[in-house]
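Structural features, examined
Chain residues, written in single-letter form:
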Amino acid sequence: MPKGTFRFYEELNDFLPKHRRKTAFEAEFKGKRSIKDMIEALGVPHTEIDLILVNGKSVDFNYILQNGDRVSVYPVFESLNITDVTLLRKIPLRRHKYIADINLGDIVKYMRVLGFDLYYDSLLSTREIIEISKRENRVILTKSRKLLKFKDVTHGIFIRPGTTTEQIRRIIDYLDIKDNIKPFSRCLRCNTLLKSVLKEKILDRIPPKTKEFCDEYVQCQSCDKIYWKGTHFINMKKVVRQILYQLES
Ligand SMILES: [Zn+2]
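Residues numbered from 1 in each chain as written. Predicted model: local features only at pLDDT ≥ 70, side-chain atom pairs only at ≥ 80, totals over all residues.

Segmentation of the chain into domains returns domain 1 (3-75), domain 2 (97-180) and domain 3 (194-248). Between the C-alpha centres of domain 1 and domain 2 the distance comes to 25 Å. The residue makeup of the side of domain 1 that touches domain 2, split by class, is 1 nonpolar, 1 polar and 3 charged. (Domains from an automatic or database assignment. Nonpolar A, V, L, I, M, F, W, Y, C, P; charged D, E, K, R; others polar.)

Alternating positions in strand β8 (residues 139-142) separate into two faces, Val139 and Leu141 on one and Ile140 and Thr142 on the other, with burial throughout. In this structure, strand β6 (residues 97-100) lies alongside β8, joined through 3 bridges in parallel fashion. Pairing of Ala100 across the sheet is with Leu141, part of β8. Two elements, β8 and strand β9 (residues 156-158), share 3 bridges in a ladder whose sense is parallel. For Leu141, the partnering residue across the bridge sits in β9 and is Ile157. (Buried ≥ 20, exposed ≤ 12 C-beta atoms within 10 Å, placed from the backbone. Helix = DSSP H or I, 4+ residues; strand = E, 2+ residues; numbered from the N terminus. Pairing = 2+ DSSP bridges.)

This brings us to helix α5 (residues 164-175). Its 12 residues give α5 an end-to-end C-alpha distance of 17 Å, which sits within 8% of 16 Å, the value for a rise of 1.5 Å per residue. Looking at the residues trailing α5, positive phi occurs at Asp176, about 55°. (Expected span 1.5 Å × (residues − 1).)

Those residues of helix α2 (residues 105-113) not exposed but buried are Ile107, Val108, Tyr110, Met111, Arg112 and Val113. Remark: Gly115 follows α2 within two positions and exhibits a positive phi of approximately 95°.

This next bit is on unusual backbone geometry. Positive phi outside glycine occurs at Lys22, with the angle close to 50°. With respect to the helices and strands, Lys22 occurs in the loop between β1 (3-8) and β2 (25-28).

Moving on: the sheet that holds strand β11 (residues 217-220). Strand order in the open sheet made by the 3 strands is β10-β11-β12, with antiparallel pairing throughout. Each having just a single partner strand, β10 (194-197) and β12 (226-227) make up the two edges of the open sheet. By the bridge criterion, 4 bridges tie β10 to β11 in an arrangement that is antiparallel. In the strand pairing of β11, Ser196 is matched with Val218.

Right, let's get into the nonpolar core. Core analysis: the largest hydrophobic core is formed by 24 residues, its most contacted members being Tyr98, Ala100, Ile107, Met111, Leu118 and Leu141. Those elements that place two or more of their residues in this core are β6, α2, α3 (126-135), β8, β9 and α5. Those residues in contact with Leu118 that lie beyond four places of it in its chain are Tyr98, Ala100, Val108, Met111, Arg112 and Asn191. Residues Phe6, Ile39, Leu65 and Val73 belong to the second largest nonpolar core, which totals 13 residues. (Core = buried A, V, L, I, M, F, W, Y, C linked by C-beta atoms within 7 Å. Contact = placed C-beta atoms within 7 Å.)

Turning to its location among the elements, Ile157 is positioned in strand β9. Between the C-alpha atoms of Ile157 and Val139, which are 18 residues apart in sequence, the distance is 7.2 Å.

Spatial strand order, β7-β6-β8-β9: 4 strands in an open sheet with parallel pairing. A strand with exactly one partner marks an edge of an open sheet, and here the two such strands are β7 (117-119) and β9. The mean angle between the axes of side-by-side strands here comes to 30°, regardless of whether they run parallel or antiparallel. (Axes fitted to C-alpha atoms, helices over the stretch in contact; angles between N-to-C directions.)

The structure is reproduced here in structure tokens:
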């Protein structure tokens, strides 16, 4: 059977079994096999890949593997000089809007706390998530490798296990979106931007004790929810500080 030698770089190794990580290994393939199929069969979703070199030359996903090929596979944002090679996508990967797969819980909350535009609806089907991602140019955040392997998924991030702060830090590092952080600018419930509102206008909606100590309020433009700097805010601020601290260290 024909075979090729494969080497995956950086975080792509997380998708491989231990004995194949950070080392070149041989794998056999049957008949005419595209490089995209082969890489996914080895366990790596194509959405994580930005560059493939075969025998030192860049190829696209449709390349048909030949016996003896030496294949190097690089992730999105692996820093190396790629000016002379074919990128796999025409559109830049740096999108600034996101859609979360279901079951991402705290990640959704804290991405929004940090001000990121993150679409989330626990009732969406996988198909609907992919459609919205395409229509609104949103990067999909998911814990499902299966979802990332759908043909028409072009921009997606696999969320690896870890604490919420670790996971968010990885997303921010990976997409290089640290400069887009605007804490407490977005509604946690519906993702809309918040605007300051005069205390007098919402007096009847503030608990009596809060009225005494707080003069600054913001309101969601869409769902009307009011936010102020109470205990809840202080707890969230701690988490935000943790995330930012890890980004700097
Ligand atoms: Zn809202």
